[in-house]
Amino acid sequence: MTEQSSHYFARGNTAHGAHFLYKSAFQGLNQLFVLTGPPGTGKSTVIRSLADNLLENGRHVQCFHSPLRPEELDGIIATDLKVGIVDGRVCGEIPEDQAAEISFIHFGEAIEDKKIFPVNLTTIEDLKSKLANAYSKAYETFLTALRIHDEWEKYYIESMDFNKADRVAEDLIQQLFNGHDNDSPITGRHLFFGAATPKGAFDFIQSLTAQLERRIFIKGRPGSGKSTLLKKLAAAAESKGIDVQVYHCGFDPNSLDMLVFPTLSTAIFDSTAPHEYFPNRDGDEILDMYALTMTPGVDEAYAVELAAIKERYSAKMKEAISHLALAEAIDSHIKAFYTAATNFSVIEDLRLQLQSKLDELLGT
């Protein structure tokens, strides 16, 4: 049975600031509807309603979740229609594609200015400043945590046999791709499977890999070559013309955490904390980079030092998450002002217009 929906993130709050992957995630669309307007005007609710209607009509929907509130949607793609709908306020640059027809839907038209008093506008501007500060502190703290993680990696990198790591990559490339080459190189699609949220790390690994026949769980320590292995596999797949979905780390987007090869029905992913899973069905297997590429005994030889680093790292991650929780609370406060000033009959008219356009494309 094929899942009717797929779930991702295409933006993240990371050690390198706000990071957006919508340009890649929304490539190849025929049409894109960009919803504009302040927070609290019902954009996410309308996107959810449109997604539900598509699902009820048996259509596959790609759902892009908010890293601030994972239960909310920032955007969707009606897969077979090649139609995207996205909240323009949260997707970074509009993910323009030369082939896509882009339409802007202005939710700000539903704001009744008389319901937002001058004192409210002053408060909103103050809250926006506090929101930017909360995000800035979160990013700074994540970056500090990343630097601590770099310290952690050094202990293992020093005991790494890079020739063995290269052979692991070469063997996997041969095993996975032999006989599947195409003549034309391709560019993979870039996404996040998870995000740092105000409630901690959150991911969709299980749902994204549920329908695949083979899942390779990479185990290892920081610095044991997991991301480097994935980068080599991704580059090989692209050069050989093999369809690949490239999933970046939601903490450090310069690192990779998972690859999915749809035509091979295979996923390979970093299965260590904070997204640690274990094989539980036929077709699952473990690839242990620590056992395959490292001199044994690092854990034991540096137990005290590693424990101290892990404690510092965990403390900084918790601190960063607390800043995101504050950002979510401030954002909710801002939204409340706009929600109170929104004429939702206008929003319903906009929803019906969008639904009508989708129904037309569906032929219903």
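For every chain, the first residue of the written sequence is number 1, and numbering continues from 1 along that sequence. Given that this is a predicted model, residues contribute local features only at a pLDDT of at least 70 and side-chain atom pairs are listed and counted only at 80 or more, while totals for whole chains, interfaces and linings are drawn from all residues. The side-chain figures draw on all heavy atoms in the structure; neither hydrogens nor water molecules are used.

Draft legend 1. Fine view of the overall build of the chain. From N to C terminus, the chain includes 10 helices and 16 strands. At 22 Å, the chain has a C-alpha radius of gyration in line with the 21 Å of a compact globule built from 364 residues. Type-normalised accessible area, obtained with a 1.4 Å probe on protein chains alone, sets the label of each residue: buried when under 20%, exposed when over 50%, and partly exposed for intermediate values. Sorting the 364 residues of the chain into buried and exposed places 52% on the buried side. For the chain, the proportion of contacts with a sequence separation of at least 24, taken over those separated by at least 6, is 80%. On the chain, roughly 17200 Å² of surface is accessible, and the fraction owed to carbon and sulfur atoms is 51%. In this tally, Asp and Glu contribute negative charge and Lys and Arg positive charge; neither His nor the terminal groups of the chain are included. Note that the charge is assigned to NZ on lysines, CZ on arginines, CG on aspartates and CD on glutamates. One finds the centroid of the 35 positive side-chain charges in the chain at a distance of 3 Å from the centroid of its 51 negative side-chain charges. A run of H or I in DSSP counts as a helix once it spans at least four residues, and a run of E counts as a strand once it spans at least two, with each numbered from the N terminus. Values of the radius of gyration come from C-alpha atoms, whereas the globule rule sets the reference at 2.2 Å times the count of residues to the power 0.38. What makes two residues a contact is simply this: any of their non-hydrogen atoms within 4.5 Å. Using a 1.4 Å probe, the Shrake-Rupley method yields the accessible areas, and only the shown protein chains count as cover for residues.

Draft legend 2. Spatial organisation of the sheet that holds strand S9 (residues 189–192). At least two bridges found by DSSP between two strands is the condition for calling them paired. Pairing is mixed in the open sheet, where 6 strands are placed in the order S9-S13-S14-S15-S12-S16. Among the strands making up the open sheet, the edge pair consists of S9 and strand S16 (284–288). When the angles between neighbouring strand axes are averaged without regard to direction, this sheet yields 20°. One ladder, built from 4 bridges, connects strand S13 (residues 245–248) with strand S14 (residues 256–261); its direction is antiparallel. Between N-to-C directions, angles cover 0 to 180 degrees, with each direction set by a line fitted to C-alpha atoms, over the stretch in contact for helices.

Draft legend 3. Spatial organisation of the sheet that holds strand S1 (residues 5–8). Taken together, the 6 strands give an open sheet; going across it, the order is S1-S5-S6-S7-S4-S8, and neighbouring strands pair in mixed fashion. The two strands at the open ends of the sheet, each matched to only one other strand, are S1 and strand S8 (101–106). Across the sheet, the axes of successive neighbouring strands diverge by a mean angle of 15°, strand direction being ignored. Strands in contact with helix H2 (residues 43–56) are S1, strand S4 (31–36), strand S5 (61–65), strand S6 (73–78) and strand S7 (83–87); relative to S6, the strand with the most contacts, it is inclined by about 30°.

Draft legend 4. Seen up close, the packing of H2 against helix H10 (residues 344–362). For the pair H2 and H10, interaxial distance at closest approach is 10 Å and the crossing angle is 30°. In terms of orientation, H2 lies roughly parallel with respect to H10. Our pair here, H2 against H10, has a crossing hand that is right-handed. Two secondary-structure elements touch here, H2 through Val46, Ser49, Leu50, Asn53 and Leu54 and H10 through Ile347, Arg351, Leu354, Gln355, Leu358, Asp359 and Leu362. Side-chain classes follow a simple rule in which Ala, Val, Leu, Ile, Met, Phe, Trp, Tyr, Cys and Pro form the nonpolar group, Asp, Glu, Lys and Arg form the charged group, and the remainder, Gly included, forms the polar group. In terms of residue class, the contact of H2 with H10 is built from 7 nonpolar, 3 polar and 2 charged. Angles below 35 degrees are treated as roughly parallel, those above 145 as roughly antiparallel, those between 65 and 115 as roughly perpendicular, and all remaining angles as oblique. Each crossing gets its handedness from the near helix: less than a right angle anticlockwise from the far helix is left-handed, clockwise is right-handed.

Draft legend 5. Region of the structure containing the packing of helix H4 (residues 162–177) against helix H6 (residues 226–239). Look at H4 against H6: their axes get within 10 Å of each other, and the N-to-C directions meet at 40°. Where H4 crosses over H6, the handedness of that crossing is right-handed. Along its contact with H4, which presents Asp166, Val168, Ala169, Leu172, Ile173, Leu176 and Phe177, the element H6 presents Leu229, Lys232, Leu233, Ala236 and Ala237. Its residues assigned to classes, the contact of H4 with H6 shows 10 nonpolar, no polar and 2 charged.

Draft legend 6. Quick look at the environment of Gln174. Topologically, Gln174 is positioned in helix H4. On the basis of relative accessible area, Gln174 is assigned to the partly exposed category, the value being 49%. With 62 residues separating them along the chain, Gln174 and Ala236 place their C-alpha atoms 9.9 Å apart.

Draft legend 7. Structural view of the side chain of Thr141. Inspection of the secondary structure assignment puts Thr141 in helix H3 (residues 118–157). Of the polar contacts made by the side chain of Thr141, one reaches the backbone oxygen of Lys137; its length is 2.6 Å. With near-sequence residues (within four places) excluded, Thr141 lies in contact with Lys316, Glu319, Ala320 and His323. Pairing of N or O atoms within 3.5 Å defines a polar contact, subject to two protein rules: one partner must be a possible hydrogen donor and the other a possible acceptor, and residues neighboring in sequence count only if both atoms are side-chain atoms.

Draft legend 8. Structural view of the pattern of salt bridges. By salt bridge we mean one thing: a side-chain nitrogen of Lys or Arg within 4 Å of a carboxyl oxygen of Asp or Glu. For the coordinates displayed, the defined rule picks out 19 salt bridges. Ionic pairing is found between Arg59 and Asp80, a salt bridge with its closest N-O pair at 2.6 Å. Pair noted here: Arg59 is in the loop between H2 and S5 and Asp80 is in the loop between S6 and S7, with a separation of 21 residues, a long-range link. Residue class for Arg59 comes out partly exposed when judged on its relative accessible area of 23%. A single network of salt bridges, built from pairs that share partners, joins Arg69, Glu328 and Asp331.

Draft legend 9. How the structure looks around H10. Take the number of residues in a helix, subtract one, and multiply by 1.5 Å to get its expected span. Taking 1.5 Å of rise per residue, 19 residues should cover 27 Å, and H10 covers 26 Å from first to last C-alpha, within 8% of that figure. In the stretch just after H10, Gly363 is the one whose phi turns positive, near 75°.

Draft legend 10. View of the pairing of strand S11 (residues 200–203). Pairing of strand S10 (residues 194–197) with S11, which is carried by 4 bridges, proceeds in the antiparallel orientation. Bridge pairing in S11 links Ala195 to Phe202. Connecting S10 to the antiparallel partner S11 that follows it, the hairpin turn spans 2 residues.

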